[in-house]
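# Coordinate inspection notes
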Amino acid sequence: MNPLKAVERAHTQHTLCSVIGTGSGSLSHSILRTIAPTGHLHTVEFHAQRAEKATQEFKEHKVSHLVTVRNQDVCAEGFGITGVADAVFLDIPSPWEAVTHAKRALKRKGGRLCSFSPCIEQVQRTCEALLNHGFEEICTLEVLLRVHDVRSVTLPLPDFGPEECCTNSTQMASDLNQEEVPNTGNTSVICRTATPPREMAGHTGYLTFATKPRD
Amino acid sequence: MAECVNDSDAESAINYGDYVVLKRGDVFKSVQVENKKKVIFEKQWFFLDNVVGQLYGTMFEIEAGGSLKPKAVKRAGDSLDSKEAGQDNRHIVDDGRSQKLTRDDIETLKEQGLKGQEIVQQLIDNSTTFKDKTEFAQAKYIKKKKKKYESDITVLKPSARLLAMMYHGREPGKICHLRYDTLAQILTLGNIHAGSKIIVFETCAGLVLGSVMERMGGFGSVIQMYPGGGPTRAGMESFGFPSHFHETLHDFPLCKVNALLAGTLDLTEKDADSQANGSRIGGSDASQETSGVSEEKKSEPKSMEVSVDPQEEVRRAERERLREHRAQEKKVKLEEKRKKLASAAALLEGRNADGLVIACRFHPCPVLMGLLKFLAPSRPFVVYCQYREPLIECYTKLREQGGAISLRLTDSWLRHYQVLPNRTHPVLLMSGGGGYLLSGTTVATDAAKARNQHKSEEPAAKRLKLDEISSSCDGTAKAISLV
């Protein structure tokens, strides 16, 4: 769930948004939270069952008055709305085929668009379509959230053998500016740090933003 | 078919007093439209008067004399001539002499009134190597020259996006180097939405405050905690919110937090004379003295009436009236301030805020521990810090103290791409970092204490091994279980 999408597309009150490719509805829910109570969301899903499930969930979560779900193929049939959207979000396999409809759905005075695609080829086609349709400020980026695991790690100190002068492990520990773990034969120091996970999600998709200028 | 209420063009026309964002290429600047005021932007100066009455999103060109003229909408096919192109750069020698126009020549062209596009065409015509460049190189050259010589400015309606990009590009120090995607995360992790009561403590010139207010759309309330003299609002003003938004905004000084928590905050009304003994609201001491003095001086002129010039008498009376007037004004202002403090205190007292956002240059740990007390249980909080270690400390403290779960320390990796046919690749320069966020959810503290038998941070396997190494392992094990 990428929050950048919301800020980049200026979601706030009185905003009419369109999410094409409802899917699980998680993005739709996030947008609904942002535009309630005065905005409205139109979302389109071409898979009948998913569209049905989404409608049901919006009802369960008491937000159906804020959202309209349509079950159709946007590339063939359009969005179902004209000149009323402030922002459009495309999460479909062929977003470049929906650019014309997106332009038509957006308000005359302009609006923002965002397209999410996992493959760079899709991005290229989409950018080309956006350019040809007169969109501006076309910008493609990748954003990844990294989690840091906060933990204490205990690092043992080396034993260089007995020294002539009085330096001992206490000295070593204080050299390192760390507290020494007491009462152990081989002393250690404790570091409070944050480590990255062994593996992390390295890619979900590219985000392409654009502005539809005033007609 | 759903209609959106606010689509009339009358809404989008620019007026005197409006805050706008000027855009030229990727550079933004926030200004207020004022009568005959000179604005400097991107090494050019001009007056904004001609934007009044125009619609947001209009592009302007700067005419001689500094007036702005609306420019006709450019169509996509507006490219410059490039008839021939080379195959590669093997024979192109970069001796710095391929451009025949000198800087003076270009200045002359500018003075003659040549528009940006025409100047670029001149540069192309006078470049010996242009025709040998590959098509890609030609496009890159044109783009570069356009950026330099086309001075069109677009006037936009402010938004969190534009202002965040502006501050991050121009004055990142003012916003603690908060990158715009991190700001977006703050709004989401904090679950900022209409109708909630959010506490904000920020030293980001008001950008974070404005973004929170924008998200809330005028519903709910925002309490801005501020250090020192007064709240910083400049960045927030740049959003150009309608006046009713300001009614949802309250402020409360940090230095009174302890008093509020202890229940000893003095909010009672006082009259002008005894205010010197009352709570020290910032800057009120000086005014108290003046009002005290003016009370005294009232009686003076009467005793000094002996043989005084009538004109002098008039002037003195006038001065008296002025002093009294000013004293009265100060009294009203102080009363207003007291009322504001009381209303903010009332909102905070219940300790039932819905969210907490911290983004400041202060050490976040004490700030967080102090302000968390005002949050209801099961509510989100987000702390931004430019650096990681202070947030590690916060995390550790919260673990020890309890009262919060789902703690997450995150940061965001951001990369821009150039997408062009056969020239798609990530952009050369990338942001090194956008700051760190610690987020979590509050829980009721009595429940938290029971849950707070904290286990080892390290994975189990490592712990066992350490136990093997040191036979008298009590110390180690104890130390581990402490943190």
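Just so we're clear, the structure is a prediction, and the values are computed from it rather than from any experiment. (Residues numbered from 1 in each chain as written. Chains lettered and ligands numbered in written order. Predicted model: local features only at pLDDT ≥ 70, side-chain atom pairs only at ≥ 80, totals over all residues. Heavy atoms only, no water.)

### A look at the overall build of chain A
Scanning chain A from N- to C-terminus turns up seven helices and eight strands. Across the 215 residues that make up chain A, the buried fraction comes to 51%. Taking all contacts inside chain A whose residues are at least 6 apart in sequence as the whole, residues at least 24 apart take part in 69%. For chain A, the accessible area works out to roughly 10,000 Å², and carbon and sulfur atoms hold 52% of it. (Helix = DSSP H or I, 4+ residues; strand = E, 2+ residues; numbered from the N terminus. Buried < 20%, exposed > 50% of the residue type's maximum accessible area, 1.4 Å probe, protein only. Contact = heavy atoms within 4.5 Å. Areas by Shrake-Rupley, 256 points an atom, 1.4 Å probe, with all protein chains shown as cover.)

### Some words on the sheet that holds strand E5 (residues 59-62) of chain B
All names here are of chain B. A sheet is described by the order of its strands in space; here five strands give the open sequence E2-E1-E7-E5-E6, paired in antiparallel fashion. Where the open sheet ends on each side, the last strands, each with one partner, are strand E2 (27-32) and strand E6 (68-70). Ignoring strand direction, the axes of neighbouring strands in this sheet form an average angle of 35°. Here six bridges tie strand E1 (residues 19-24) to E2, and the two strands are oriented antiparallel to one another. Pairing of Lys23 across the sheet is with Phe28, part of E2. Contacting E1, E2 and strand E7 (153-156), helix H5 (residues 160-170) runs over the sheet at an angle of about 110° to E2. (Pairing = 2+ DSSP bridges. Axes fitted to C-alpha atoms, helices over the stretch in contact; angles between N-to-C directions.)

### Re the confidence of the model for chain B
Residues and elements named next belong to chain B. When the pLDDT values of chain B are averaged, the result is 82; 80% of them are 70 or greater. Under a pLDDT of 50 for its full length, residues 1-7 has, in the predicted model, 18 contacts with residues more than four places off or in other chains. Note that pLDDT drops below 50 for residues 272-301; the model gives that stretch 25 contacts with residues more than four away or on any other chain. For this predicted complex, the interface confidence comes out at an ipTM of 0.89, alongside a pTM of 0.83. (pLDDT = per-residue confidence, 0-100.)

### Topic: helix H13 (residues 310-349) of chain B
All names here are of chain B. Taking 1.5 Å per residue as the helical rise, H13 with its 40 residues ought to reach 58 Å, and the 58 Å between its terminal C-alpha atoms agrees with that figure. Of the residues making up H13, those classed as buried are Arg316, Glu320, Ala327, Leu334, Arg338, Leu341, Ala344, Ala345 and Leu348. Arg351 occupies a position one or two residues after H13 and carries a positive phi of about 50°. (Expected span 1.5 Å × (residues − 1).)

### Looking at the pattern of salt bridges
All told, the structure shown has 20 salt bridges over all chains when counted by the stated rule. Salt-bridge contacts for Glu137(A) lead to Arg161(B); the nearest nitrogen and oxygen are separated by 3.5 Å. Here Glu137(A) is found in strand E6 (residues 136-156), whereas its partner Arg161(B) is found in helix H5 on a different chain. With relative accessibility at 26%, the residue Glu137(A) sits in the partly exposed group. (Salt bridge = Lys/Arg side-chain N within 4 Å of Asp/Glu carboxyl O.)

### Notes on helix H4 (residues 135-149) of chain B
All names here are of chain B. End to end, H4 covers 21 Å across 15 residues, agreeing with the expected 21 Å (1.5 Å per residue, within 8%). Regarding H4, the residues found buried are Gln138, Tyr141, Ile142, Lys145 and Tyr149. Buried residues of H4 fall within an arc of 100° about the axis and therefore sit on the same side. H4 presents Lys140, Lys143, Lys144 and Lys147 as exposed residues on the side facing more than 90 degrees away from its buried surface. (Arc of directions from axis to C-beta.)

### Some details on a positive patch on the surface
Side chains of Lys43(B), Arg103(B), Lys140(B), Lys144(B) and Lys148(B) sit close together on the surface and give a patch of like positive charge. In terms of residue count, H4(B) provides more of the positive patch than any other element does, three residues in total. (Patch = residues over 30% accessible without salt bridge, like charges linked within 9 Å, V, L, I, M, F, W, Y side chains within 5 Å. Lys, Arg positive; Asp, Glu negative; His and termini not counted. Charge placed at Lys NZ, Arg CZ, Asp CG, Glu CD.)

### Remarks on the environment of Leu207(A)
Among the secondary structure elements, Leu207(A) is positioned in strand E8 (residues 206-212). By relative accessible area, Leu207(A) is classed as buried at 1%.

### Examining the pairing of E6(A)
Pairing analysis gives four bridges linking E6(A) to E8(A), with the strands arranged antiparallel. Residue pairing for E8(A): Cys139(A) is matched across the bridge by Phe209(A). The sheet contact formed by E6(A) and strand E13 (residues 404-418) of chain B spans nine bridges and is antiparallel. Each residue of the ladder has a partner; that of Leu144(A), found in E13(B), is Trp413(B). Both E6(A) and strand E7 (residues 188-195) of chain A contribute to a ladder of eight bridges, which runs antiparallel. Paired with Pro156(A) across the two strands is Ser188(A), which belongs to E7(A).

### Details of unusual backbone geometry
In this chain, Ala36(A) is followed by Pro37(A) through a cis amide linkage whose omega measures 0°. With respect to the secondary-structure elements, Pro37(A) resides in the loop between helix H2 (26-35) and strand E2 (40-44). We note that Asn191(B) has phi near 50°; this positive angle belongs to a residue other than glycine. In this structure, Asn191(B) sits in the loop between helix H6 (180-189) and strand E8 (197-202). For Asn191(B), a relative accessible area of 28% puts it in the partly exposed group. Of note in this structure, Ala205(B) is not a glycine but carries a positive phi near 60°. With respect to the secondary-structure elements, Ala205(B) resides in the loop between E8 and helix H7 (207-216).

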